[in-house]
Amino acid sequence: MGQFELGLDAPICLTWELTYACNLSCVHCLSSSGRRDPRELSTAQAEAVIDELQRMQVFYVNIGGGEPTVRPDFWHLLDYSVAHQVGVKFSTNGVRLTPDRASQLARTDYVDVQVSLDGATAQVNDRVRGAGSYVTALRALDNLAEAGFGNAKISVVVTRENAGQLDDFKRLADDRGATLRLTRLRPSGRGADVWDELHPTMAQQRELYSWLLANGENVLTGDSFFHLAGFGESLPGLNLCGAGRVVCLIDPIGDVYACPFAIHENFLAGNVLHDGGFAKVWRESELFTDLRSPQTSGACTKCQHFDACRGGCMAAKFFTGLPLDGPDPECVQGYGEAALAGDRVVPAASQDHSRTAPTKSAPVFVPLGVGPVAPPVHACAESPLAGLALETV
Amino acid sequence: MVAGLVASDPLAQSWELAPGVALRPEPFGALAYHFGTRRLTFLKTPELATVVRSLGDHPDLRTALAAAHVEPRYWNAYSKALVALADAGMIRPRETSSV
Ligand code: SF4
Ligand code: SF4
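Since we're looking at a predicted model, the values are computed, not measured.

**Q** Requested: an account of the overall build of chain A, with residues and values cited.
**A** The helix and strand inventory of chain A stands at 14 helices and 11 strands. Here chain A has a C-alpha radius of gyration of 20 Å; the compact-globule value for 393 residues is 21 Å, and the two agree. Looking at chain A residue by residue over its 393 residues, the buried ones come to 60%. For chain A, the accessible surface area stands at approximately 15600 Å², while carbon and sulfur atoms represent 51% of it. Computing the positive centroid from 32 side-chain charges and the negative centroid from 46, chain A places the two 3 Å apart.

Quick look at the structure:
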C-alpha cells in the first residue's frame, strides 16, 4: 500500500462535521459537540467547499457533526453536493429522519445514511447516548425501511457494555434490510473522559476479532480494528493509520484536522477560509507533509505483527498520553496496558462545544465499576472506507 | 464475471469506462470510483491510467495499448488488469458498429 503512505492529491475518506450543535450529548462524543459554534461556515461558504471538493474529485464526503440534520440548510447542502458529483454519507442520531425525509432520501442517488446506535437495547444505548435516543434511532431506521431506502447503515461504537450484543445488533440490521457498521471507541473528545471505563476489555477484543472474522463479509468497520490483526490474520481493508494520508476532517468552522478523531491543535493543518482553500491545506500544509513522511514506530518495529498493525491508532495513543511512536493502548500484545499503567500525561482538550448545563435527556453516566454490565460475547456467537470495496489493479 | 459478454481475447475487445465511474489522477496512477457500487480501485501505474482513460477512443484494447506506447511484452498483463477492472464493474465491453 505504498501509494497511500506518500499521500494522495485528494483524500479518500474525508469527514466534514457540518455543525457542533447537537440535540444529544453522548458521553463518548468524538467532537465534544453540543453548542453551535458562532463561526460555523455559512451556506455560501459550505457551497464553496463543495465546489472545491468537486474540482479535487473527492468522490464522496462523510458528513457528521454534531447532528448535521439540525442545520437548517442540511438538506440543501446534501442536494448541492450530490448535484456536484460529491456523494454523501451522513451520520445522524435520527432526530430529523421523518417519513417524508426518508422518502426524499430514498429518491436521491449517491446518498448513504448511518444511524448511530450504541446499544442493542434501550438500556445499554441510552446510558451513553441519553434518554429516548434508542427509540429515536429505531424510528428513523424504520422510516427509512418503510420508505424503501435500501441499505441504511446502523453505526455502532463497540464498548465494554455493548460488546456482548453484536449478534443482536446484526439482527436489528438484518430485520430492516440495513447493514451493521462497527467502529472502534477512541479516547477522542468527550470519549477521553469515559474511555477507561468503556473501552472493551482484552477478552472482549479477542471475541470481537473472532466475530469480525466470522461475519466480516456482511459487516462494515471503516477499517477501524486493524490493531486487532495481531490476534491472527489481517482483517480486510486498509491496515494502517490513514490520518493526513487518506483520512482528513473539515470541522464546522473550516478547520482541517488530520483525522476526525484527532481534533486537537497538534493535528490542525489549517483552515479552508484562511489558508488558501482545502486543496492547498491538503497538499501543502506542514503537518500533512510530515504525516506523509516515513514515521518512526519505536518498539513496534520489532513486533511480529507490525506489518498488519503498524502500531495502531495515532489518536488513541495521543489522547491516552502514550508516545506516538509506540504501541496502541489496546495493543493485542498487552504492551498498551503496560504503558497505560506507567507514567503518562493525558493532553488537555483544545476545544470543547459541550453544553454547560445538562439537558433533560442528557445521559447520566455513572461508571459501574468492576465487571462488565453485559454478558461477554458468546464464543463464535467493518472496507476503507466504510462500505467501499477496496482493491488494487 | 463478464466472461460471457467478452470476446475470448480481451485484446480484441472494445471497451469503455462504465457509466457512473470517475477516474482521478494521482501521483502513482489513478483512482477509479464507481458512484453506484461505491467501489474504489487503484490503478497502480500512470500508463494503466492512460490506457483506461482512452479505452473508448479505440476500436479494441490492442489499439489502445499501441497508442499508449505500451510494449507488446506487457500486453498480457494489461489484459488481465482490464479483465479485473471489468469484473469490478469499472469498465465494460462496448458495442461497436463494425461487429
Ligand atoms: S488516528 Fe486513528 S482513527 Fe484516525 S486515521 Fe489514524 S488510526 Fe484511524
Ligand atoms: S507491539 Fe505495536 S505493532 Fe505489535 S501488536 Fe502492539 S501496537 Fe501492534
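**Q** Residue-level account of the sheet that holds strand 9 (residues 255–257) of chain A, with values.
**A** All names here are of chain A. The strand order across the open sheet built from 10 strands is 7-6-5-4-3-2-1-8-9-10, with neighbouring strands paired in mixed fashion. A strand with exactly one partner marks an edge of an open sheet, and here the two such strands are strand 7 (219–220) and strand 10 (268–271). The sheet contact formed by strand 6 (residues 179–184) and strand 7 spans two bridges and is parallel. Counted as the bridge partner of Arg 181 is Leu 220 from strand 7. Here helix 3 (residues 74–83) sits on the sheet and contacts strand 2 (60–64), strand 3 (87–92) and strand 4 (111–116); the angle it forms with strand 3, its principal contact strand, is near 150°. Contacting strand 5 (153–158), strand 6 and strand 7, helix 9 (residues 202–215) runs over the sheet at an angle of about 150° to strand 6.

**Q** Which residues make up the packing of helix 2 (residues 43–55) of chain A against helix 3 of chain A, and what values go with them?
**A** All names here are of chain A. The contact between helix 2 and helix 3 brings their axes to 10 Å, and the two run at 20°. One way to sum up the angle between helix 2 and helix 3 is to call them roughly parallel. Crossing of helix 2 over helix 3 shows right-handed handedness. Contacts from Thr 43, Ala 46, Glu 47, Ile 50 and Asp 51 in helix 2 reach His 76, Leu 77, Tyr 80 and Ser 81 in helix 3.

**Q** How would you summarise the site of ligand 1 if you had to cite specific residues and measurements?
**A** Residues in contact with ligand 1, as listed here, are A:Arg186, A:Phe226, A:Cys241, A:Gly242, A:Ala243, A:Cys259, A:Phe261, A:Cys313, A:Met314 and A:Ala315. Per-class residue counts for the shell around ligand 1 are eight nonpolar, one polar and one charged.

**Q** Go over the site of ligand 2 with me, naming the residues and quoting the values.
**A** Around ligand 2, the surrounding shell consists of A:Cys300, A:Cys303, A:Phe306, A:Cys309, A:Gly311, A:Pro327, A:Asp328, A:Cys331, A:Gln333 and A:Tyr335. The class makeup of the residues in the shell around ligand 2 is seven nonpolar, two polar and one charged.

**Q** Describe the environment of A:Ser32, naming the residues involved and giving the relevant values.
**A** Residue and element names in this part refer to chain A. Take Ser 32: it is sitting in the loop between strand 1 (13–17) and helix 2. The spatial distance from the C-alpha of Ser 32 to the C-alpha of Ser 354 is 5.4 Å, given a sequence separation of 322 residues. Dropping the residues within four chain positions of it, Ser 32 is found in contact with Gly 189, Arg 190, Gln 351, Asp 352, His 353 and Ser 354. Separated by 3.2 Å, the side chain of Ser 32 and the backbone nitrogen of Arg 190 make a polar contact.

**Q** Give me the lowdown on the packing of aromatic side chains, citing residues and values where you can.
**A** Taken as a whole, this structure holds 14 aromatic pairs over all chains when the rule is applied. Both rings, one in A:Phe267 and one in A:Phe318, keep their centres 4.8 Å apart while their planes meet at 80°; by these two values the pair is edge-to-face. Highlighted residues: A:Phe267 in the loop between strand 9 and strand 10 and A:Phe318 in helix 13 (residues 314–319), separated in sequence by 51 residues. Feature note: the residues A:Phe59, A:Tyr60, A:Tyr110, B:Tyr33 and B:Phe35 constitute an aromatic cluster, connected by ring pairs. A:Lys89 extends its terminal NZ or CZ atom over the ring of A:Tyr60, reaching a point 4.2 Å from the ring centre. Sitting above the plane of the A:Phe261 ring, A:Arg186 keeps its charged end 4.0 Å from the centroid.

**Q** Describe the nonpolar core, naming the residues involved and giving the relevant values.
**A** Of all hydrophobic cores here, the largest spans 98 residues; its most connected members are A:Phe90, A:Leu105, A:Leu182 and A:Phe278. The next biggest cluster of nonpolar side chains, apart from the first, holds 26 residues, and it includes B:Ala18, B:Leu61, B:Val70 and B:Ala88.

**Q** Outline unusual backbone geometry, listing residues and values.
**A** Apart from glycine, the bulk of residues carry a negative phi angle, and the bulk of peptide bonds sit in the trans form. All names here are of chain A. Omega for the peptide link from Gly 65 to Gly 66 comes to 15°, which places this bond in the cis form. With respect to the helices and strands, the residue Gly 66 is situated in the loop between strand 2 and helix 3. A positive phi angle is found at Gln 85, which is not glycine, with a value near 60°. For Gln 85, a relative accessible area of 47% translates into the label partly exposed. Backbone geometry places Tyr 110, a non-glycine residue, at a positive phi of 65°. On the secondary structure map, Tyr 110 appears in the loop between helix 4 (99–106) and strand 4.

**Q** Could you give an account of the pairing of strand 1 of chain A, naming the residues involved and the relevant values?
**A** One face of the sheet, then the other: side chains in a regular strand alternate in exactly this way. Residues and elements named next belong to chain A. By the criterion of burial, strand 1 is predominantly enclosed, with five of the five residues buried. Here strand 1 shows two buried faces, one formed by Cys 13, Thr 15 and Glu 17 and the other by Leu 14 and Trp 16. Two elements, strand 1 and strand 8 (residues 247–250), share four bridges in a ladder whose sense is parallel. Within strand 8, the residue paired with Thr 15 across the bridge is Leu 249. By the bridge criterion, four bridges tie strand 1 to strand 2 in an arrangement that is parallel. Looking across to strand 2, one finds that Glu 17 is bridged to Gly 64. Each parallel crossover has a hand, and for strand 1 linked through helix 2 to strand 2 it is right-handed.

Criteria and thresholds
Positions within a chain are numbered from 1, following the residues in the order the chain's sequence is written. Chain A is the first chain written and ligand 1 is the first ligand written, with later ones labelled in order. Only residues with pLDDT of at least 70 are given local features in this predicted model, and only at 80 or more are side-chain atom pairs given and counted; all residues enter the totals for whole chains, interfaces and linings. Derived side-chain values reflect all non-hydrogen atoms in the structure, with water molecules and hydrogen atoms excluded from consideration. Elements are defined by DSSP. Helices are runs of H or I of four residues or more, strands are runs of E of two residues or more, and each kind is numbered from the N terminus. All radius of gyration figures rest on C-alpha atoms, and the globule criterion is 2.2 Å times the number of residues raised to 0.38. Exposed residues in this analysis have more than 50% of their type's maximum accessible area, buried residues have under 20%, and partly exposed residues fall in between, with area computed by a 1.4 Å probe over protein chains only. Accessible areas in this description were obtained via Shrake-Rupley with a 1.4 Å probe; residue shielding takes into account the shown protein chains only. A residue counts as positive if it is Lys or Arg and as negative if it is Asp or Glu; His and the chain ends are not included. To locate a charge, take NZ of a lysine, CZ of an arginine, CG of an aspartate or CD of a glutamate. Two strands qualify as a pair provided that DSSP identifies no fewer than 2 bridges between them. Two residues form a contact once any of their heavy atoms are found within 4.5 Å. Simply put, an axis is a line fit to the C-alpha atoms, just over the touching stretch for a helix, and the angle between two N-to-C directions goes from 0 to 180 degrees. When an angle is under 35 degrees it counts as roughly parallel; over 145 it counts as roughly antiparallel; between 65 and 115 it counts as roughly perpendicular; any other value is oblique. Two helices crossing with the near one rotated counterclockwise from the far one by less than a right angle form a left-handed crossing, whereas a clockwise rotation gives a right-handed crossing. Note on terminology: near, applied to a residue and a molecule or strand, indicates that one of the residue's heavy atoms is within 4 Å of it. Think of it as three bins: nonpolar holds Ala, Val, Leu, Ile, Met, Phe, Trp, Tyr, Cys and Pro, charged holds Asp, Glu, Lys and Arg, and polar takes everything else, Gly as well. Here a polar contact means two N or O atoms within 3.5 Å. Within protein one must be a hydrogen donor candidate and the other an acceptor candidate, and residues neighboring in sequence count only if both atoms are side-chain atoms. Side-chain rings of Phe, Tyr and Trp (the six-membered ring for Trp) are treated as a pair once their centres are within 6.5 Å; stacked means planes under 30 degrees apart, edge-to-face means over 60, and tilted covers the remaining angles. Two conditions define a charge located above a ring, namely a distance within 6 Å from the ring centre to NZ of Lys or CZ of Arg, and an angle within 35 degrees of the ring normal. Here, nonpolar core means buried Ala, Val, Leu, Ile, Met, Phe, Trp, Tyr and Cys residues that are tied together by side-chain atoms lying within 4.5 Å of each other. A crossover counts as right-handed when, viewed with the strands pointing away from the observer, the path leading from the first strand over the helix to the second turns clockwise.

No statement about biological role is implied by the geometric values presented.
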